[in-house]
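Here is how the chains run, residue by residue.
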Amino acid sequence: WVGLDGVNYNFTGDATSVEQDGIAAQCDSGTPSYYAWYEGYPSDAVEANFTISPGDAIEASVFWNATAPASQRYDYQLTDVTTGASLNTLQPCGGSCHISSAEVITEAPADATTGDILPLADYGIVNYENLAVTDRSGQRAGFTSSDWKNTEIIQENNANQILSTPSSLYGGLAFSGDWERAS
């Protein structure tokens, strides 16, 4: 997923809101399903009304739209480049939005009841390309710009075992995420 505010305004990792969209895969009794979604956390995720298939190329973005009505300032855009299917919706902030961070993340979610990290499907490697952040003044730059603070996030399970790792940034505009283990 890509999003804003996944790390709170003082970088403690305890976000009170996340405006995000992306794709997800899950298995039910061994049968995989794939879908696109958007979410203004802490509100629930909303599933897009189209199908995602393994190997599809996806474009995703979340913008704070200062020109939109005050009650609808987050612009969620996600396109399956392979099929042409897309979603584009303006939504309100889901919590106490600070617009203080931007993220590109591959992760296994936590169980809503226990908080335990769910098993991460073996996706092998995922590539993220043409990454950029646009700040409030309209300045656009890659992730390695001196204008941004970069933080590498490595997902671990509850036993501190690594589940996925990001590669180094390539030219400030690309990186890959590598699957390490399910749980």
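The shown structure was predicted, so the numbers you read here are calculated from the model rather than taken from an experiment.

Looking at the overall build of the protein
Then, number 1: Helix and strand content of the protein: zero helices and 14 strands.
Then, number 2: Structurally, the protein occupies a C-alpha span of about 45 × 35 × 35 Å along its principal axes.
Then, number 3: A separation of at least 24 residues holds for 45% of the contacts in the protein among residues at least 6 apart in sequence.
Then, number 4: If you sum the accessible surface of the protein, you get close to 10,600 Å²; carbon and sulfur atoms cover 48% of it.
Then, number 5: A distance of 11 Å separates the average location of the 5 positive side-chain charges in the protein from that of its 24 negative side-chain charges.

As for the nonpolar core
Then, number 1: Residues Ala36, Phe50, Val62, Tyr76, Leu87, Val104 and Leu131 are the most contacted members of the largest nonpolar core, which totals 21 residues.
Then, number 2: Take this core: its biggest share by element is three residues, from strand E6 (residues 74–80).
Then, number 3: The next biggest cluster of nonpolar side chains, apart from the first, holds five residues, and it includes Trp1, Val18, Trp37 and Ile105.

Quick word on the packing of aromatic side chains
Then, number 1: One pass over the structure, following the stated rule, counts two aromatic pairs.
Then, number 2: Their ring planes at 40 degrees and their centres at 5.2 Å tell us that tyrosine 38 and tyrosine 76 sit as a pair that is tilted. Here tyrosine 76 lies in strand E6 and tyrosine 38 lies in strand E3 (residues 31–41), a separation of 38 residues in the sequence. You'll find tyrosine 38 and tyrosine 76 in the same group, each marked buried.

Quick notes on the rules
- Residues numbered from 1 in each chain as written.
- Predicted model: local features only at pLDDT ≥ 70, side-chain atom pairs only at ≥ 80, totals over all residues.
- Heavy atoms only, no water.
- Helix = DSSP H or I, 4+ residues; strand = E, 2+ residues; numbered from the N terminus.
- Contact = heavy atoms within 4.5 Å.
- Areas by Shrake-Rupley, 256 points an atom, 1.4 Å probe, with all protein chains shown as cover.
- Lys, Arg positive; Asp, Glu negative; His and termini not counted.
- Charge placed at Lys NZ, Arg CZ, Asp CG, Glu CD.
- Core = buried A, V, L, I, M, F, W, Y, C linked by side-chain atoms within 4.5 Å.
- Buried < 20%, exposed > 50% of the residue type's maximum accessible area, 1.4 Å probe, protein only.
- Phe/Tyr/Trp six-rings, centres within 6.5 Å; stacked < 30°, edge-to-face > 60°.

So, to be careful, I would describe these as geometric facts and stop short of saying anything about function.
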